[in-house]
Amino acid sequence: MIKKIIILASVSSLLILGACKKNEEANSEQHSAISNPAEIGIPDMEKRVIPKDGKYPVMTFAAKDHDFGTIEADSKVNYSFTFKNTGQADLIISRAVGSCGCTIPEYPKDPIKAGESGKIDVSFNSANKHGNQQKSVTIYTNTKDGVESLYITASIKE
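Residues numbered from 1 in each chain as written. Predicted model: local features only at pLDDT ≥ 70, side-chain atom pairs only at ≥ 80, totals over all residues. Heavy atoms only, no water.

Asker: What is the right way to read the environment of Lys 157 from this model?
Answerer: Within the secondary structure, Lys 157 sits in strand E8 (residues 147–157). C-alpha separation for the pair Lys 157 and Ser 126, spaced 31 residues apart in sequence, amounts to 9.8 Å. One polar contact links Lys 157 to Glu 72, side chain to side chain, over a distance of 2.9 Å. (Helix = DSSP H or I, 4+ residues; strand = E, 2+ residues; numbered from the N terminus. Polar contact = N/O pair within 3.5 Å; in protein donor to acceptor, adjacent residues only side chain to side chain.)

Asker: Could you clarify how one ought to interpret the environment of Lys 144 in this entry?
Answerer: Tracing the backbone shows Lys 144 in the loop between strand E7 (131–141) and E8. Classification of Lys 144 as exposed rests on a relative accessible area of 60%. Sequence spacing of Lys 144 and Tyr 56 is 88 residues, and the spatial spacing of their C-alpha atoms is 6.1 Å. (Buried < 20%, exposed > 50% of the residue type's maximum accessible area, 1.4 Å probe, protein only.)

Asker: Looking at this structure, how should I read the packing of aromatic side chains?
Answerer: The relative placement of two aromatic rings is captured by the distance of their centres and the angle of their planes. A full pass over the atoms with the stated rule returns 2 aromatic pairs. Geometrically, the ring pair formed by Phe 61 and Phe 83 is tilted, given 5.5 Å between the ring centres and 55° between the ring planes. Of the two residues, Phe 61 is situated in strand E1 (residues 59–61) and Phe 83 in strand E3 (residues 76–85); the sequence distance between them amounts to 22 residues. Look at Tyr 79 and Phe 81: their rings are 4.9 Å apart centre to centre, the planes differ by 80°, and that puts the pair in the edge-to-face class. A relative accessible area of 1% places Phe 81 in the buried class. The ring of Tyr 140 is capped by Arg 95, whose NZ or CZ atom sits 4.3 Å from the centre of that ring. Looking at Lys 109, its charged tip hangs above the ring of Tyr 107, at a distance of 3.8 Å from the centre. (Phe/Tyr/Trp six-rings, centres within 6.5 Å; stacked < 30°, edge-to-face > 60°. Lys NZ or Arg CZ within 6 Å of the ring centre and 35° of its normal.)

Asker: Would you explain the pattern of salt bridges in this entry?
Answerer: Two side chains bearing opposite charge may form a pair once their charged atoms approach each other closely. Here the structure, examined in full by the defined rule, presents 4 salt bridges. Here Lys 157 makes a salt bridge to Glu 72, at a shortest N to O gap of 2.9 Å. Placement of Lys 157 in strand E8 and of Glu 72 in strand E2 (residues 65–72) is noted, with a sequence separation of 85 residues between them. Overall, Lys 157 belongs to the partly exposed group, its relative accessible area being 41%. Here Glu 72 falls in the partly exposed class, since its relative accessible area comes to 44%. (Salt bridge = Lys/Arg side-chain N within 4 Å of Asp/Glu carboxyl O.)

As structure tokens, this is what we get:
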């Protein structure tokens with residue numbers, strides 16, 4: 001248990017310290033920061049319930065990446081990622097987390113039935129950011145994998 005706490009604290013510290021770096025190298029690492037959150041003891045992943053009937057929801061996104069292009073420094077931009085539950089069970093999103101305090105996701109709190117659609121609204125604040133930026137949003141769900149990821153990019157004009 002103590003080992004899990006130490007690993008979780010270490011990974012959390014690394015993610016917090018590295019999430020808002022502005023160089024390309026740091027940005028490319030965000031795509032692979034956590035390949036399986038259950039392995040490092042993220043609580044939502046430990047509480048996952050496997051359906052007895054084997055039917056899972058499936059989040060099918062129109063796109064998982066969005067490029068804002070060139071934006072002004074100190075501006076706020078928004079984008080809505082749309083998805084459809086193409087699975088066979090109700091989709092439940094337990095939480096969504098941005099890789100940085102500058103990236104804020106809003107997600108549906110009610111279950112999304114099979115065949116229905118929803119959206120994840122993502123707001124990006126470019127204050128104190130420079131150059132090319134890449135941020136991610138991690139979505140914790142009751143899908144088979146349990147985690148979905150979305151990505152935004154922007155080039156901040158000086």
